[in-house]
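Summary of the model geometry
One letter stands for each residue in the lines below.
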Amino acid sequence: MDVRAPKGTADMLPDTARAWEHLTRTAQELFARYGYEPVYTPLFEHTEVFARGIGEATDIVSKEMYTFADRAGRSLTLRPEGTASVVRAALEHTLVPQGSLAKLYYAGPMFRYERPQKGRMRQFWQIGLEALGAAEPGVDAEVIAALWRFFETVGIPADNMRLLLNSMGDDVCRPGYRATVAAYIGEHAEALCAECNRRLDTNPLRAFDCKNPACAQVMAGAPLLRDELCEPCATHYAEVKARLDALGIPYVEEPKLVRGLDYYTRTVFEVQADAGLGSQNAIGGGGRYDGLMEMFGGKPTPGLGFALGFERTLLAMEAAGATVPSPPRADVYVARVDESVAAVVFDVASALRDAGIAAELDHQARSLKAQFKQADRLGARAVVVVGPDEAAAGEATLRDMSTKEERRVALATVVDALRALLG
RNA sequence: GUGGGUGUAGCUCAGUUGGUUAGAGCGCCGGACUGUGGCUCCGGAGGUCGCGGGUUCGAGUCCCGUUACCCACCCCA
């Protein structure tokens with residue numbers, strides 16, 4: 001049997017798992033302050049949820065989904081992102097009745113069949129947040145602020161990040177702009193790569209993302225949506241920027257920022273961090289999707305959200321020297337001099353644990369010296385030693401690891417004595 | 001899907017123009033007048049040299065294939 005985890009997946013070993021718990025805990029505390037509540041949706045959905053929500057022509061749907069048939073023949077897909085599922089759940093459970101606002105966040109694994117590289121896995125972990133029901137620009141600023149503050153909170157300095165911002169317009173102004181860009185591409189077909197030409201019909205705006213130097217040069221001269229937004233979109237965009245300015249959150253307007261998921265409208269944003277990352281430098285991103293709920297058959301409901309990548313965030317944190325808290329693994333180590341007192345030691349450790357004190361003991365009949373070394377490694381502040389002498393007297397020796405002071409206490413008072421010692 | 005790089009002890013890596021029992025550091029275990037830590041010293045365990053062919057008297061060292069991982073393109077968190 002091959003014991004290696006499947007390509008593109010990774011076991012979250014203790015250090016990484018602790019980091020994940022730290023980030024999710026940080027998200028819980030921070031997002032709660034912004035009024036968001038947790039939500040968990042299934043790891044797989046009917047394929048249609050993603051196919052229609054994200055867009056048939058997108059890379060994610062056309063070539064990166066883990067799609068399979070279950071035993072009853074249903075076509076299911078492992079979620080490649082979280083927004084479509086949350087919106088589907090909001091529709092199913094009417095989380096956004098007329099005039100209300102649903103503020104939700106989630107955390108968990110996502111799946112995309114891609115070639116793994118630095119910061120890109122087939123199973124990767126995201127924390128995301130969605131605000132459904134509000135069209136006002138203030139929500140855009142709130143969501144972006146939550147994302148930005150999250151990164152700052154986990155220790156990525158603002159100087160190491162940059163927030164890219166753009167508006168993609170809406171149903172009123174985007175179609176016209178799209179046609180304009182398509183026409184522009186048509187005029188410069190000769191100078192553009194095959195991929196850009198191929199996307200002329202499906203998604204011409206993606207040509208702005210093309211890293212082919214020739215394409216980039218041509219697209220640099222293309223008309224910008226920013227200059228052709230309809231009045232409402234232009235006003236909305238200006239308002240979002242004003243709110244961000246007021247919050248003191250720095251952003252860079254990036255007219256060429258075009259997200260790869262079809263559902264985005266108006267505000268789109270991305271946070272990039274260079275230090276520690278490879279070419280996958282987007283640690284978080286998102287945008288507004290005012291037409292998504294309707295696309296699923298619901299009433300027109302505005303909304304927006306973001307997702308941030310756990311693995312990439314961790315890389316950026318490490319590069320910034322940010323650390324994950326790692327509490328001592330044991331407050332107390334209960335050591336035994338020989339096997340004759342194994343039962344006594346076990347009882348003492350159990351009593352400590354029942355009393356809420358993290359206690360560890362030896363299970364391998366190791367030497368006392370080895371037990372002390374272990375106590376040291378675990379960060380134990382005290383060691384309780386029990387040997388034949390102590391056992392015979394119904395006592396234990398209690399050693400304060402920092403002062404090296406030792407004293408004998410009755411077994412019955414060990415818990416209280418340690419409570420006092422540990423403070 | 002395309003391209004490049006790398007696969008030697010648990011981890012990070014050395015291994016000379018192919019030549020006898022494959023090494024180091026860290027980690028782990030044990031010991032330093034035998035019931036005690038963080039330092040130091042000593043000792044020990046631990047390796048199908050990714051896998052399969054081939055060349056050769058002889059391959060970790062050369063050739064071919066294969067597989068895994070890494071990085072990049074692409075795309076995205």
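**Here we look at the overall build of chain A**
Scanning chain A for helices and strands turns up 15 helices and 16 strands. The C-alpha radius of gyration computed for chain A amounts to 28 Å, which surpasses the reference 22 Å derived for 423 residues by more than 25%, pointing to a less compact arrangement than a globule. The dimensions of chain A, computed from C-alpha atoms along their principal axes, are 95 × 55 × 45 Å. The 423 residues of chain A split such that 49% are buried. Partitioning the contacts of chain A with sequence separation of at least 6, the portion at a separation of at least 24 is 70%. As displayed, chain A has an accessible area near 20,300 Å², and 50% of this comes from carbon and sulfur atoms. Chain A carries 47 positive and 57 negative side-chain charges, and their two centres are separated by 4 Å.

**Focus on the sheet that holds strand β7 (residues 161-167)**
Strand order in the open sheet formed by 8 strands is β1-β5-β6-β11-β10-β9-β7-β8, and the pairing between neighbours is mixed. Two strands bound the open sheet, and with one partner strand each, they are β1 (37-38) and β8 (252-253). Summarising the sheet, strand β5 (residues 102-111) and strand β6 (residues 123-132) pair through 10 bridges and their orientation is antiparallel. Note on β6: the bridge partner recorded for methionine 110 is phenylalanine 124. Across the sheet, helix α1 (residues 14-33) touches β5, β6 and β11 (303-309), and the angle it forms with β6 is around 5 degrees. Of the strands in this sheet, β6, β9 (265-273), β10 (282-288) and β11 are in contact with helix α11 (residues 310-319), which crosses β11 at around 60 degrees.

**Some details on the pattern of salt bridges**
Tallying each qualifying case throughout the model produces 22 salt bridges. Across the pair glutamate 152 and arginine 149 runs a salt bridge, and its minimum N-O distance is 3.1 Å. Of this pair, glutamate 152 and arginine 149 both sit in helix α5 (residues 137-153), 3 residues apart, which is roughly one turn of the helix. For arginine 149, a relative accessible area of 24% puts it in the partly exposed group. Ionic pairing is found between arginine 408 and glutamate 395, a salt bridge with its closest N-O pair at 3.0 Å. Pair noted here: arginine 408 is in strand β16 (residues 406-410) and glutamate 395 is in strand β15 (residues 395-400), with a separation of 13 residues, a long-range link. When salt bridges that share partners are traced, they join Glu45, Arg88 and Glu92 into one network.

Cut-offs applied
Residues numbered from 1 in each chain as written. Chains lettered and ligands numbered in written order. Predicted model: local features only at pLDDT ≥ 70, side-chain atom pairs only at ≥ 80, totals over all residues. Heavy atoms only, no water. Helix = DSSP H or I, 4+ residues; strand = E, 2+ residues; numbered from the N terminus. Rg over C-alpha atoms; globule rule 2.2 N^0.38 Å. Buried < 20%, exposed > 50% of the residue type's maximum accessible area, 1.4 Å probe, protein only. Contact = heavy atoms within 4.5 Å. Areas by Shrake-Rupley, 256 points an atom, 1.4 Å probe, with all protein chains shown as cover. Lys, Arg positive; Asp, Glu negative; His and termini not counted. Charge placed at Lys NZ, Arg CZ, Asp CG, Glu CD. Pairing = 2+ DSSP bridges. Axes fitted to C-alpha atoms, helices over the stretch in contact; angles between N-to-C directions. Salt bridge = Lys/Arg side-chain N within 4 Å of Asp/Glu carboxyl O.

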